[in-house]
Amino acid sequence: MKYTNEELRQKINEYKEKLSVTIVAHFYQRDEVFEMGDITGDSLELAMKTKADDADYVVFCGVGFMGQSVKVLSPNKRVVMPKLACCAMATMIDGFMYENAVSVLNDAGITNENILPITYINSNAEVKAKVAQMGGLVCTSSNAKKIITNALKEGKKILFVPDRCLGQNIANQMGLKSCVIGDGSDLNESDVICFNGFCSVHQLFSLDDISFYRKKYPGILIATHPECDPSICDASDFVGSTSQLIKYIKELPEEQKVAVGTEFNLVNRLRPKNTYVLSSTKPECPTMNETTLQDLYDVLKSIDDGEPLNEILVDEETQKWAKISLERMLAL
Ligand code: 13P
Ligand code: SF4
């Protein structure tokens with residue numbers, strides 16, 4: 001049955017009263033879905049806040065790896081997603097490709113004992129599990145620097161998957177040498193060896209976009225997410241994760257102009273004036289945008305009907321190891 005958004009909002013609120021559910025929404029969700037969230041935030045905040053929540057059902061509005069992380073951390077919760085949307089970056093690596101990357105390092109003479117793998121949270125549970133089995137852990141864009149700093153204390157090479165941009169940007173910030181598997185570099189020369197994955201949305205920002213805004217509005221600040229290409233981050237005034245960008249922009253004086261290089265829905269609701277999207281193309285994450293109010297209503301109705309749609313399930317062995325890699329991160 002199709003309803004107007006106003007009707008859907010009302011029905012969703014009725015289900016929120018009736019059922020033991022917590023609606024969780026990532027910052028990149030469409031406004032009308034985001035507004036229904038009981039818990040909102042970036043991927044790290046969502047993982048932490050949801051772990052502490054005690055409703056029977058988590059209704060996760062985001063992309064697959066995020067819902068999966070909630071299930072991994074809290075296997076007794078029932079996690080459902082209004083849409084089974086997949087992050088494009090997370091689909092760039094699976095367990096087989098991860099093992100292949102490890103063999104490339106082995107072929108270069110770097111043994112497993114000398115590798116410390118770190119996976120960005122934007123990866124599936126299978127990859128997180130394999131990383132944990134090699135003594136590694138998860139990071140998000142908010143804590144990547146801290147996680148890498150800590151990991152370096154073990155004196156090992158870091159294998160960073162799947163985002164080459166985040167890996168290289170953090171390495172640059174820390175004055176470390178980095179490379180991307182397959183770029184022709186000698187792997188032994190690098191501290192951080194990155195898998196060749198990326199976010200298609202954050203690749204949309206270009207140096208031309210930065211020049212355009214700097215010319216049009218002298219004095220404008222450029223703020224970008226570390227999933228952007230290193231050339232873009234190097235040319236930015238501020239580089240930060242979703243929450244760090246929000247904090248930075250909210251604290252700017254009202255008249256300070258800023259152009260922001262990250263997902264459109266987030267930028268659009270950041271600040272009423274003097275905030276621009278750093279691209280001539282609308283940088284929407286197609287999969288984050290898949291979830292609609294109708295989907296949210298449908299999934300709540302399915303819980304009420306006793307036949308939950310799109311439930312996230314993770315096999316026991318993968319859950320056990322993926323949890324270890326997430327908890328190693330949370331412990332830091
Ligand atoms: P955050 O960790 O900043 O929430 O980012 C998740 C993401 O998918 C960014 O593209
Ligand atoms: Fe994945 Fe990029 Fe979308 Fe983030 S913006 S969820 S990294 S595809």
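Chemist: Help me understand the overall build of the protein, please; the structure alone is not making it clear to me.
Modeler: Secondary structure assignment for the protein yields 14 helices and 13 strands. Relative to the compact-globule value of 20 Å for 332 residues, the protein shows a C-alpha radius of gyration of 20 Å, a close match. Principal-axis analysis of the C-alpha atoms places the extent of the protein at approximately 60 × 55 × 30 Å. The proportion of buried residues among the 332 residues of the protein is 55%. Carbon together with sulfur atoms contributes 49% to the accessible area of the protein, which is approximately 14,200 Å² in total.

Chemist: What am I meant to see in the sheet that holds strand β3 (residues 57-61) here?
Modeler: Strand pairing in a sheet is mediated by backbone hydrogen bonds. Such pairs are either parallel or antiparallel. Overall, parallel pairing links the four strands, which are arranged β2-β1-β3-β4 in an open sheet. Unpaired on one side and paired on the other, β2 (39-41) and β4 (78-80) mark the two borders of the sheet. On average, each strand axis in the sheet is tilted by 20 degrees relative to the strand beside it, whichever way the strands run. Here three bridges tie β3 to β4, and the two strands are oriented parallel to one another. Bridge pairing in β4 links Val-58 to Val-79. Strand contacts of helix α3 (residues 43-51): β1 (21-26), β2 and β3, with the helix running at about 150 degrees to β2, the strand carrying the most contacts.

Chemist: Can you walk me through the site of ligand 2 in this structure?
Modeler: Tyr-28, Val-63, Cys-87, Ala-88, Asn-122, Cys-199, Val-201, Glu-227 and Cys-285 make up every residue found near ligand 2. For the shell around ligand 2, the residue count by class is seven nonpolar, one polar and one charged.

Chemist: Whenever I open this one, the nonpolar core confuses me. Can you help?
Modeler: The nonpolar side chains of soluble globular proteins are, as a tendency, buried together. Residues Ile-12, Val-59, Phe-60, Ile-118, Phe-160, Leu-296 and Leu-300 are the most contacted members of the largest nonpolar core, which totals 86 residues. In terms of residue count, helix α13 (residues 293-304) provides more of this core than any other element does, six residues in total. Apart from the residues within four sequence positions on either side, Val-59 is in contact with Val-21, Thr-22, Ile-23, Val-24, Val-80, Pro-82, Leu-296, Val-299, Leu-300 and Ile-303. Formed by 16 residues, the second largest nonpolar core is a distinct cluster that contains Val-102, Val-131, Val-161 and Phe-195.

Rules used throughout
Residue numbers run consecutively from 1 along every chain, following the written order of its sequence. Chains carry letters from A onward and ligands carry numbers from 1 onward, assigned in written order. Since the coordinates come from a predicted model, pLDDT governs what is reported: local features require at least 70, and pairs of side-chain atoms require 80 or more to be given and counted, while whole-chain, interface and lining totals use all residues. Remark: hydrogens and water are excluded; side-chain values derive from all non-hydrogen atoms of the structure. Put simply, DSSP H or I for four residues or longer makes a helix, DSSP E for two residues or longer makes a strand, and each gets a number counted from the N terminus. C-alpha atoms define the radius of gyration, and 2.2 Å times the number of residues to the power 0.38 defines the globule rule. Classification of residues uses two cut-offs on accessible area relative to the type maximum, computed with a 1.4 Å probe and protein chains only: under 20% is buried, over 50% is exposed, and between them is partly exposed. In these tables, accessible area is a Shrake-Rupley quantity obtained with a 1.4 Å probe, and a residue counts as shielded only by the protein chains included in the view. At least two DSSP bridges between two strands are required for those strands to pair. Every angle, taken between N-to-C directions, lies between 0 and 180 degrees, and every axis is a line fitted to C-alpha atoms, over only the stretch in contact when it is a helix. Whether two residues touch is decided by their heavy atoms; if any such pair falls within 4.5 Å, the residues are in contact. We call a residue near a molecule or strand as soon as one heavy atom of that residue lies within 4 Å of the molecule or strand. Lys, Arg, Asp and Glu make up the charged group, whereas Ala, Val, Leu, Ile, Met, Phe, Trp, Tyr, Cys and Pro make up the nonpolar group; the residues left over, Gly among them, are polar. Here, nonpolar core refers to any group of buried Ala, Val, Leu, Ile, Met, Phe, Trp, Tyr and Cys residues whose side-chain atoms link them within 4.5 Å.

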